[in-house]
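# A structural walkthrough
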Amino acid sequence: MTLFVISKLTLKPTRQPTTMMIRCLRLVFAAVLLPSLMVSSSLAEQSDSDKGKEIVGKIKASLYLGSDAAPEKWAEKYALVEKEVTERLRGIQQMKFQHYRKLGTDIQPVFRSYENWLAPLKPSEEILLSFESRGRSGDGGLRLDLEFWQHRRKIMQMNPVLHTDKSLLILGPRWRGCSLIIAIELMN
Amino acid sequence: MHGKNSSSIFNLKFNNSKLKKDMERQHNQAPDEAMLTLWTDGELNGDELARVELWAQDHPELLVERDAVRAMQSSIQANMPASVEPPYADFFNLRILRAIENEKAESAASVRSTGSQWMGSKFNKWLALPAAAAAMLMCFYMGTQVSPMPESLAPMAAVSAKPAIYMPDGDVRANIFSSDDNGATVIVLEGLEDIPDDFEIVGEPRHSGSASSRAVMVNTEMIF
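Quantities reported herein were computed from a predicted structural model and do not represent experimental measurements.

What follows is about the overall build of chain A. A count of helical and extended segments in chain A gives three helices and 10 strands. Along its sequence from the N terminus, chain A presents helices and strands in the succession α-α-β-β-α-β-β-β-β-β-β-β-β. Residue burial in chain A is summarised as follows: out of 188 residues, 30% are buried. Long-range pairs, those at least 24 residues apart, make up 49% of the contacts in chain A with a sequence separation of at least 6.

Counting its secondary structure elements, chain B contains seven helices and four strands. A total of 224 residues make up chain B; the buried ones form 5% of that total. When contacts within chain B are restricted to residue pairs at least 6 apart in sequence, those whose partners lie at least 24 apart make up 42%.

Here we come to the nonpolar core. All names here are of chain A. Core analysis: the largest hydrophobic core is formed by 47 residues, its most contacted members being Ile181 and Ile182. Element by element, the count of residues in this core is highest for strand S10 (residues 178-187), at seven residues. Beyond its immediate chain neighbours, meaning those up to four positions away, Ile181 contacts Tyr64, Gly66, Leu89, Met95, Leu169 and Leu171.

The next subject is the pairing of strand S1 (residues 55-67) of chain A. In this structure, S1(A) lies alongside strand S3 (residues 99-111) of chain A, joined through 12 bridges in antiparallel fashion. From the neighbouring strand, A:Leu63 faces S3(A), where its bridge partner is A:Gly104.

Moving on: the confidence of the model for chain B. All names here are of chain B. With 59% of its residues at a pLDDT of 70 or more, chain B shows a mean pLDDT of 72. Residue range residues 147-159 is modelled with pLDDT below 50. Its contacts to residues more than four positions away, or to other chains, number 25 contacts. Confidence over residues 208-224 falls short of pLDDT 50; this stretch has 14 contacts with residues more than four positions distant or in other chains. Prediction confidence for the complex, expressed as pTM and ipTM, is 0.51 and 0.73 respectively.

The seven strands are arranged S2(A)-S3(A)-S1(A)-S10(A)-S9(A)-S4(B)-S3(B) in an open sheet whose pairing can be described as mixed. Here the strands that pair on one side only, and so sit at the sheet edges, are strand S2 (79-80) of chain A together with strand S3 (173-178) of chain B. Of the pairings in the sheet, the one linking S3(B) to strand S4 (residues 185-190) of chain B comprises six bridges and is antiparallel in character. Following the sheet pairing, B:Phe177 is matched in S4(B) by B:Val186.

This part is about unusual backbone geometry. All names here are of chain A. The residue after Lys122, namely Pro123, is reached through a cis peptide bond having omega 0 degrees. As for its position among the elements, Pro123 is in the loop between strand S4 (116-118) and strand S5 (127-137). A positive phi is found at His151, a non-glycine position, where the angle reads about 55 degrees. Looking at the element boundaries, His151 is found in the loop between strand S6 (142-150) and strand S7 (153-158). One non-glycine residue with positive phi stands out, namely Arg176, at about 55 degrees. Within the secondary structure layout, Arg176 lies in the loop between strand S9 (168-175) and S10.

All names here are of chain A. If you trace the backbone, Leu186 turns up in strand S10. Classification of Leu186 by C-beta neighbours within 10 Å gives buried; the count is 21. Distance from Leu186 to Lys166, taken between C-alpha atoms, is 8.0 Å for residues 20 residues apart in sequence. If we skip the residues at most four places from it in the chain, Leu186 touches Gly57, Ile59, Leu142, Leu162, His163 and Thr164.

Our next topic: the confidence of the model for chain A. The predicted model of chain A averages 84 in pLDDT, with 76% of residues at 70 or higher. Considering only residues more than four positions removed or in separate chains, one finds that residues 1-12 of chain A, a stretch of pLDDT under 50, has one contact.

What follows concerns the pairing of S6(A). Residue and element names in this part refer to chain A. Across the nine residues of S6, seven count as buried, placing the element largely inside the fold. Relative to S6, S5 is paired through eight bridges, and the arrangement is antiparallel. Bridge pairing links Phe131 to Leu146 in S6. In textbook terms, the turn of a hairpin is the stretch between consecutive antiparallel strands, and for S5 and S6 this stretch comprises four residues, one of which, Gly140, has a positive phi near 90 degrees. Here S6 runs beside strand S8 (residues 161-162); their pairing, made up of two bridges, is antiparallel. What sits directly across from Arg143, in S8, is Val161. Pairing of S6 with S7, which is carried by five bridges, proceeds in the antiparallel orientation.

What counts, and where the lines are drawn
Residues numbered from 1 in each chain as written. Chains lettered and ligands numbered in written order. Predicted model: local features only at pLDDT ≥ 70, side-chain atom pairs only at ≥ 80, totals over all residues. Helix = DSSP H or I, 4+ residues; strand = E, 2+ residues; numbered from the N terminus. Buried ≥ 20, exposed ≤ 12 C-beta atoms within 10 Å, placed from the backbone. Contact = placed C-beta atoms within 7 Å. Core = buried A, V, L, I, M, F, W, Y, C linked by C-beta atoms within 7 Å. Pairing = 2+ DSSP bridges. pLDDT = per-residue confidence, 0-100.

Here it is in structure tokens:
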């Protein structure tokens, strides 16, 4: 209150230093804030147009169970594998089994320069695949850095070239007397 | 004679007392921080070591601290390897070697193509200038035709047909095959531990944290 009275008494009607200062500050704030807002908006645009987030392809990981013995009761809850896939798997010496079951599938985009993960047994993380694009190959394939993880342990690291008509098949660990097969495909 | 002897004895006594005073002063004078750090790390020797040791006899807390630091140093040296191999070194070396091979092959091919067709031809020398001008015009025209939209795919990269595989665990091996029937690449992993039978792999994760929980989301939005 006292301060208010004193300031009121000392104020003069024209060209008061406080008023001048406020005017100057307004100009300064305008000069600082406007460019700041412009910069922030341009940064927001840049984050929206981050080329690294562009999707350069989609890959699919499917997890199958292969066994020669007839499936036990526990396996009956898992879906049968499509006839086409069964024939394809049986055509490969190392993956030739009498019975196949499908445990899960996951499809994820491949970003231009960001890593992504495939979890075909979602929500389980027992089997995971991490991947990152390394550009297109000369013959139109998609070159990847691919890692195979089991039980949160990196098992294998490789740099395959995936094509839409050529899948990558991994014969993995055994579980309950069956073999796990991981099929990785590049989708159209 | 007697006078000379008495004066020399006096000088000797005076020097001895001065020396004692110097030693006492040095003894009482605390070493600086850097000297103490070097002493704690065991990097002092000679007079400096003797002086700090003498001074530290009156400061048992420093002796305790020095002993603790040295015990920790010896514990670290006992438990940490002197040198560590970088992870995945052989994998990256293999990739670097392949990249060098690819580069060599490309440069050799370009040298062959340019060398056989262009060198030694006088007629081509007359054509060089108009060809360069035409190439520049062509480049300019192509530049005007380029779409401003970003390209949908990453730039092409020369790759070798066989992928490089790295197995971090030495007990696990990977055998790679190419299936003739459907063109698939087949990798057979050997030496993997079986998944326990009592574990339901299709279900809730065994671990407390999830893959997504490991990710750190950073908000880059600027707030004013």
